[in-house]
Amino acid sequence: MNGKKDDGFLLLPVGHRQEITEKERDSKASRNVPPDNRAFLKYGSLFVLTIQNCSLNLLMRMSRTQKDLYITSTAVVVSEVMKLLTCIFMVFVEQGSVLKTWQTMNELIIQKPIDTFKVAVPSIVYYIQNNLIFVGATHLDAATCQITYQLKILTTAIFSVVMLRKRLFPHQWLALVLLFAGVALVQAQQVSGKTSSNNNVQKPFIGFMAILIACFLSGFAGVYFEKILKGTAEVSLWIRNVQMSSLSIVFGVLAILFTDLSVIEEKGFFFGYTLLTWTVIILQAGGGLICAVVVKYADNILKGFATSLAIVLSCVVSAYYLDFHPTGQFMSGAFLVIFSVFLYAKQFSPKSSGNPC
């Protein structure tokens, strides 16, 4: 579940436009990749994305049921630091030397503060969104959390229609209705009570509201980010992520000083951190980068397949190992969500799909 800077289109969730821009820019280079290698990258990246999506949701849920809960705001900041370091390394790989890397970052980031601060809004929104995802994982089981988070497709579509004047085809509107109905079925049985795990009180309604708000933030940030990209000169994927991660870290540290400083002074910045916690942080940091590779070498339909398969795997693993008992109502809702993901990304011929509206 992750809060990622991606936004691929047909209107798919968060940040996809940047990945599509990179895809268009690198399409010629991609075609030069030998067919065997291209197929390996295509299906290999999809496999990795599926495992990452599934394992992140499951392990995040497990990490939030430990006896000593880590401070989520610190985990988000550490994740952003990892993203920043990874993206700086990728800029170094592109430029080939430390000097060229510094010159590029100085020219495109430091010497262009107005351009850099244009991504301040999505950076702050993504930081808040990622914190809310941790709240959702605290109060919802992994399968329910992951299914509910697919509402980001709906919110991204709504913001795209409102802010970018995009038009959707009839089958996409139908997919959004089915998506909403599926999530409603899944949540109907979740919000009525409290449960506990390892002495931590679970409040499904709070978890649902956290994920719902995260979906709205995800949709807004992704579309806002796309609007920025359309109005500015082309900048590489890695530079944009360096900008966003840097601003997210600054905002995150300030937020910690105002909200969690007393707790950190009492327990320490890394209180509750275990091997499981670090694994979750690494998976969250790497999710956006994996997504970029998938959109570059695969397509949105296969990406939807990876998302759907991750939902199925989360349900199966949760049922066997996390004391999750799916009902017929839950399974019906999950099926509707999976079907809607495929339907939304499906590209029909103009005659069969009708006019966009």
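Presented here is a report on the structure given in the accompanying data block. Note that this is a predicted model, so its numbers are computed, not measured.

**Considerations on the overall build of the chain**
Next, step 1: Helix and strand counts for the chain come out as 17 helices and three strands.
Next, step 2: Burial status across the chain gives 53% buried among its 357 residues.
Next, step 3: Within the chain, counting contacts between residues at least 6 apart in sequence, those at least 24 apart form 84% of the total.
Next, step 4: Carbon and sulfur atoms make up 68% of the accessible area of the chain, which amounts to about 16,100 Å² in all.

**Concerning a nonpolar patch on the surface**
Next, step 1: A surface patch of nonpolar side chains, amounting to about 1,000 Å² of accessible area, comprises Phe47, Val48, Ile51, Met62, Leu309, Val312, Leu313, Val316, Tyr320, Tyr321 and Leu322.
Next, step 2: At six residues, the largest contribution of residues to the nonpolar patch is made by helix α15 (residues 300-321).
Next, step 3: With respect to the helices, strands and loops of the structure, Met62 is situated in helix α3 (residues 35-63).

**Some points on the packing of helix α7 (residues 120-139) against helix α11 (residues 204-230)**
To describe two helices that pack against each other, one gives the angle between their axes and the distance between the axes.
Next, step 1: One way to put it is that α7 packs onto α11 with a least axis distance of 8 Å and a crossing angle of 155 degrees. Taken together, α7 and α11 sit at an angle that is classed as roughly antiparallel. The interaxial crossing formed by α7 with α11 has left-handed handedness.
Next, step 2: The residue makeup of the contact of α7 with α11, split by class, is 20 nonpolar, six polar and no charged.

**Overview of the environment of Leu154**
Next, step 1: Mapped onto the elements, Leu154 comes out in helix α9 (residues 151-163).
Next, step 2: When the C-alpha positions of Leu154 and Phe216 are compared, they lie 8.8 Å apart, and in sequence the two are 62 residues distant.
Next, step 3: Among residues more than four places away in sequence, those in contact with Leu154 are Leu176, Leu179 and Phe180.

**Observations regarding the nonpolar core**
Next, step 1: Of all hydrophobic cores here, the largest spans 51 residues; its most connected members are Met60, Phe134, Ile147, Leu176, Leu179, Phe330 and Tyr344.
Next, step 2: When residues in this core are grouped by element, the largest group, seven residues, is from helix α16 (residues 328-345).
Next, step 3: Once you skip the residues sitting within four places of it in the chain, Leu179 turns out to touch Gln150, Leu151, Ile153, Leu154, Val337 and Ser340.
Next, step 4: Ranked by size, the runner-up nonpolar core spans twelve residues in total, among them Met105, Leu237, Trp238 and Leu289.

**Concerning the pattern of salt bridges**
Next, step 1: As enumerated under the stated definition, the model contains two salt bridges in all.
Next, step 2: Between Lys83 and Glu80 there is a salt bridge, with its nearest N and O atoms 3.4 Å apart. With Lys83 and Glu80 both in helix α4 (residues 72-95) and three residues apart, the pair spans about one turn of that helix. Across the pair, exposure class does not vary: Lys83 and Glu80 are buried alike.
Next, step 3: Among the salt bridges present, the one from Asp115 reaches Arg240, with a minimum N-O distance of 3.3 Å. Taken together, the residues Asp115 in helix α6 (residues 113-117) and Arg240 in helix α12 (residues 237-259) connect sequence positions 125 residues apart.

**Notes on unusual backbone geometry**
Next, step 1: Phi at Arg165 is positive, roughly 60 degrees, even though this residue is not glycine.
Next, step 2: Summarising the element assignment, Arg165 is placed in the loop between α9 and α10 (170-188).
Next, step 3: Since its relative accessible area comes to 64%, Arg165 is described here as exposed.

**Digging into the packing of aromatic side chains**
Next, step 1: Tallying each qualifying case throughout the model produces eleven aromatic pairs.
Next, step 2: Plain terms: the ring middles of Phe220 and Tyr224 are 5.7 Å apart, the flat faces sit at 35 degrees to each other, and that makes the pair tilted. One end of the pair is Phe220 and the other is Tyr224, both in helix α11 and four residues apart, which spans about a single turn.
Next, step 3: When the ring of Phe270 is compared with that of Tyr273, the centres are 5.1 Å apart and the planes differ by 90 degrees; the resulting orientation is edge-to-face.
Next, step 4: Since its relative accessible area comes to 48%, Phe270 is described here as partly exposed.
Next, step 5: One aromatic cluster in this structure is built from Tyr70, Phe134, Phe269, Phe270, Tyr273 and Trp278.

Parameters and conventions
- Residues numbered from 1 in each chain as written.
- Predicted model: local features only at pLDDT ≥ 70, side-chain atom pairs only at ≥ 80, totals over all residues.
- Heavy atoms only, no water.
- Helix = DSSP H or I, 4+ residues; strand = E, 2+ residues; numbered from the N terminus.
- Buried < 20%, exposed > 50% of the residue type's maximum accessible area, 1.4 Å probe, protein only.
- Contact = heavy atoms within 4.5 Å.
- Areas by Shrake-Rupley, 256 points an atom, 1.4 Å probe, with all protein chains shown as cover.
- Patch = residues over 30% accessible without salt bridge, like charges linked within 9 Å, V, L, I, M, F, W, Y side chains within 5 Å.
- Salt bridge = Lys/Arg side-chain N within 4 Å of Asp/Glu carboxyl O.
- Axes fitted to C-alpha atoms, helices over the stretch in contact; angles between N-to-C directions.
- Parallel < 35°, antiparallel > 145°, perpendicular 65-115°, else oblique.
- Left-handed = near helix turned anticlockwise from the far one by under 90°.
- Nonpolar A, V, L, I, M, F, W, Y, C, P; charged D, E, K, R; others polar.
- Core = buried A, V, L, I, M, F, W, Y, C linked by side-chain atoms within 4.5 Å.
- Phe/Tyr/Trp six-rings, centres within 6.5 Å; stacked < 30°, edge-to-face > 60°.

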